[in-house]
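# Fold and contact review
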Amino acid sequence: MPPPPTDSRTSPPGIPLPKPETTLISPPDSQITPPPPVSDVTPPPPPVSDVAPPLGIPMASSLQKELILPPPTDIPSIAPPPSVTSTQDMQITPPCPPPLLSPGSTEPQIPPPSASTSQTPVPQPLSDIISPPIQAPAVNTITPPTDSLPPPPSEGTILPPPPASGDAPQIPPPPPTSTTPDWMSSLSDEEREKLPQMLKKRKNVADEILSTELTYVTNLNTIVDKFLEPLRADSLGCSKDEIYNIFSNIQVIRNCHDRFKDVLGPAVGSWNDNSGLGGAFQATAWIKFYKYYVNNYDICMSTLRQCLESHPPFKKFIDGLNYTAALNGLDLSGLLIAPVQRIPRYVLLLNDMLRSTPVSHPDHRLLAEALSSIKELADYINEHKHHSDNISELTELQAKFADYPGQLAQNPKRKLIKSGPISVNKEKAHMWLFNDIAILTRPEMKKGLFKYKQTVHLKTSSLQPDEGNKFKIVSMDGVLKCQVATLPEKEAWEKALNEAVAQAKELMIKSLFQDEMIADSECSKKFLEFKEAENEKKRAALVQTMLEREQEYVKFLTHTWNTFLLPVKKSIDSPSPMVRQTTAEVLLSNFELLVTIHKQIELDISQRIKDWEQNPTVSDLLALNTSLLPAYTQYVNQYGAQIRAITSALQSQVFSFWIRDVEVREKADVKNLMERPLRRLSEYYLLTQEMLEYTSRKHADYDPLSKLVNHLRELTDEHAKVIGSLSLGDSLAPPAGALQAMQKGASAATLRRKQSSMALTKTTPGKH
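Now for a quick tour of the structure. (Residues numbered from 1 in each chain as written. Predicted model: local features only at pLDDT ≥ 70, side-chain atom pairs only at ≥ 80, totals over all residues. Heavy atoms only, no water.)

## Topic: the packing of helix 5 (residues 240–247) against helix 8 (residues 287–310)
- Helix 8 packs onto helix 5 with a crossing angle of 125 degrees between their chain directions and a minimal axis gap of 6 Å. Taken together, the axes of helix 5 and helix 8 are oblique relative to one another. The way helix 5 lies across helix 8 gives a crossing that is left-handed. Together, Glu242, Tyr244, Asn245, Ile246 and Phe247 of helix 5 and Tyr292, Tyr293, Asn296, Ile299, Cys300, Thr303, Leu304 and Cys307 of helix 8 make up the contact between the two elements.
- Grouping the constituent residues of the contact of helix 5 with helix 8 by class yields nine nonpolar, three polar and one charged. (Axes fitted to C-alpha atoms, helices over the stretch in contact; angles between N-to-C directions. Helix = DSSP H or I, 4+ residues; strand = E, 2+ residues; numbered from the N terminus. Parallel < 35°, antiparallel > 145°, perpendicular 65-115°, else oblique. Left-handed = near helix turned anticlockwise from the far one by under 90°. Contact = heavy atoms within 4.5 Å. Nonpolar A, V, L, I, M, F, W, Y, C, P; charged D, E, K, R; others polar.)

## Considering the sheet that holds strand 4 (residues 416–424)
- With mixed pairing, the eight strands of this open sheet are ordered in space as 3-7-6-5-4-10-9-8. Each edge of the open sheet is held by one strand with a lone partner, namely strand 3 (401–402) and strand 8 (462–465).
- Relative to strand 10 (residues 478–483), strand 9 (residues 470–475) runs antiparallel, the two sharing six bridges. In the strand pairing of strand 10, Ile473 is matched with Leu480. (Pairing = 2+ DSSP bridges.)

## Focus on the packing of aromatic side chains
- Under the definition given, this model contains ten aromatic pairs.
- Note on Phe227 and Phe317: the rings are 6.1 Å apart at their centroids and 80 degrees apart in plane angle, and the pair reads as edge-to-face. Of this pair, Phe227 sits in helix 4 (residues 189–233) while Phe317 sits in helix 9 (residues 312–321), placing them 90 residues apart in sequence.
- Arranged with centres 5.1 Å apart and planes meeting at 70 degrees, the rings of Phe260 and Phe281 form a pair that is edge-to-face. Pair noted here: Phe260 is in helix 6 (residues 250–269) and Phe281 is in helix 7 (residues 278–282), with a separation of 21 residues, a long-range link. As far as the burial class goes, Phe260 and Phe281 line up, both buried.
- The rings of Phe401, Tyr404, Trp432, Phe450 and Tyr452 are connected pair by pair, giving a single aromatic cluster.
- Here the basic side chain of Arg680 rests over the ring of Tyr553, its NZ or CZ set 4.7 Å away from the ring centre.
- The ring of Tyr684 is capped by Arg680, whose NZ or CZ atom sits 4.1 Å from the centre of that ring. (Phe/Tyr/Trp six-rings, centres within 6.5 Å; stacked < 30°, edge-to-face > 60°. Buried < 20%, exposed > 50% of the residue type's maximum accessible area, 1.4 Å probe, protein only. Lys NZ or Arg CZ within 6 Å of the ring centre and 35° of its normal.)

## Quick look at the nonpolar core
- Core analysis: the biggest nonpolar cluster contains 59 residues, and Phe655 and Met674 have the highest contact counts within it.
- When neighbours within four sequence positions are excluded, Phe655 is seen to be in contact with Val568, Met578, Val579, Leu587, Ile646, Ala649 and Leu650.
- One finds Ala280, Trp286, Tyr297 and Leu349 within the second-largest nonpolar core, a separate group that totals 58 residues. (Core = buried A, V, L, I, M, F, W, Y, C linked by side-chain atoms within 4.5 Å.)

## Observations regarding helix 16 (residues 581–588)
- Among all positions in helix 16, only Thr583, Ala584, Leu587 and Leu588 are buried. Burial along helix 16 is one-sided: seen end-on, the buried residues are contained in an arc of 125 degrees.
- A positive phi of about 50 degrees marks Ser589, the residue just after helix 16. (Arc of directions from axis to C-beta.)

## Here's the deal with unusual backbone geometry
- Phi is positive for Ser248, close to 50 degrees, though the residue is something other than glycine.
- Relative to the helices and strands, Ser248 is located in the loop between helix 5 and helix 6.
- Notably, Lys667 is not glycine yet its phi reads approximately 55 degrees, a positive angle.
- Relative to the elements of secondary structure, Lys667 occurs in the loop between helix 20 (653–666) and helix 21 (670–675).
- Look at Lys667 and you get exposed, because its relative accessible area is 78%.

## Points about the packing of helix 4 against helix 6
- One way to put it is that helix 4 packs onto helix 6 with a least axis distance of 9 Å and a crossing angle of 150 degrees. Considering the angle they form, helix 4 stands roughly antiparallel to helix 6. Between helix 4 and helix 6 lies a crossing whose hand is left-handed.
- Of the residues in the contact of helix 4 with helix 6, the class split is 15 nonpolar, four polar and nine charged.

## Quick notes on the pairing of strand 10
- Of the pairings in the sheet, the one linking strand 4 to strand 10 comprises two bridges and is antiparallel in character. Looking at the pairing, Val424 lines up with Cys482 of strand 10.

## Focus: the pattern of salt bridges
- By the definition in use, this model includes 26 salt bridges.
- With a closest N to O distance of 3.1 Å, Asp262 and Lys261 form a salt bridge.
- For Asp262, a relative accessible area of 47% corresponds to the partly exposed category.
- The partner of Lys671 in a salt bridge is Asp669, with the nearest N and O atoms 3.9 Å apart.
- Residue Lys671 is classed as buried on the basis of its relative accessible area, which comes to 17%.
- Members of the salt-bridge network, linked through shared partners, are Glu550, Arg676, Arg680 and Glu683. (Salt bridge = Lys/Arg side-chain N within 4 Å of Asp/Glu carboxyl O.)

Okay, structure coming up:
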């Protein structure tokens, strides 16, 4: 072991530094102060704290006055380990060991002073004999608790000398104190990479919200201070009602946003990573005032125009302020539309902030809830604005119709899609196609004036293609046989009609649940609850109807297959087949697959009715069978070849005799039977569409049912085009030769049945 380090410090004059016979373990830079020497009996030392003051730090002045000790005789000097280099890193000094007692004595025995110290020294303060601190770089250490210190050594224990610098124990540094917010600890590595950019974006959006809010409040103050207050003092010829209609509740909105501005300012001014604005927007009370302002906005603009025309002093006052620096270059109309534009601006800003806010951030949920409520108001404002513009257009359009019995603007959602000359039932007309109705008028009588003829309601209509430039509109109002000049015109009208019919049916559905008057009424909740209960009853009745129709259709498919098609399939392997195998395969098509599919659908619907209370859905009944829609597409595509195969098979005398006999017996035509599956998808479409009309948007079945209805409509339209493109003509009718053969075959078959009956009568006992 290397020798202990020497002490470089100097002792007080006259006090040598002898080698210590016993070495006590003590914290670095501490001194063991022995009791002061006394002549005979030394009173017990004053009580001292277990924790010694750090070396180099003077004790309290009062303590110094009490502890004035003579210089010690033998003071062992212990050099501090190099590993401890600062007085700030001092350890807690353990208690000093008790003094040795002589046998039979209760008083501590003090060693006699050495010869060199026989002369009584002059007492000196304790602070004078404490060595100055050793200055060195600071080292991070931790102070152990007092109860973790080792007990004092027993009497006579010889302790090892202090360890050398290389043997000094190293105390591990304390764990760093985490300042990371809890919401950051759950971020993924990818989110952590994007976090600085997201936090910067949040701060930028917060600044923009505040700056635009300040501008908005300035504009509101301008309206109130420059226009409303002066006109209240002097209306300049306008009535109080006119002043109120122009400015509505703008002052109430101004007061609300003035307070909201005071909330946003401190929140954005003290922005940090944990800050948010979701709570501020949730606490807003001004949202409810905007609906009133928006509903009154059209009246506001019309009243302003009337006052400008009717009251010259008012016009002079307004013109004197418009487009001036006091209005920041705006006019009164531009200021009055600011509240209508502010709410959509909030939606954009909050959307930007929400996209830049991690899901774990405490502001995310508050932002999402605030955005939802404000977006609902923005949607209401946008729709109302569109309605206002549309009402003006409809009012102007109705002025062109002579003798129109109703009001076009009665439905504010009504929009004009297409208009133009057209021939209807071989008469010249002009059609005005809206998204819910079609109005027929006579050709233009005078410049801009048309004579009203008929209204067609599109929600109960369907479009049927026809040959050439013709098409049909079938509805409860009758069948309209339409014709246009060219094929491109026909395609344009068909596209517009399909769009209009779809919108008409969608509007009918929305009208059940999205009427603003109902939504704003006091009894809206009770009404909707009652309406939903009634709709659920209708849905349950419709699914029962669906089962009954499915059972009827399965019965038809099964009977057609067993009676007309299965014998043809079985005859292929017989010695005398009715038709060739290739002809039989085309004739049979995939009819057998349709039978299998619909038997399974029938079982599914029946089971669903039993489980209706637990699972009141319909869309998955058709979606569960993934083969259904592809099977019908295949059948439709093969239908033309199937009919031609039947026509070809009628050339065979065996098949023609047999099929004619079956048709007479069953009172059915095989060609009509093969045509029946072509209508099945359209039947599903009408039934599911009716089901959708009674399905709330909040219902779990609404979205999938909407997709199913749209898909069925698209397939029905595609299939109609395929069937319409087939040039079958008279190919469905059998050729003349085959018809004669069928007639002869029928007569022969009838004759054979009579002969067989007569033979049976003769050979049966008891029959005469």
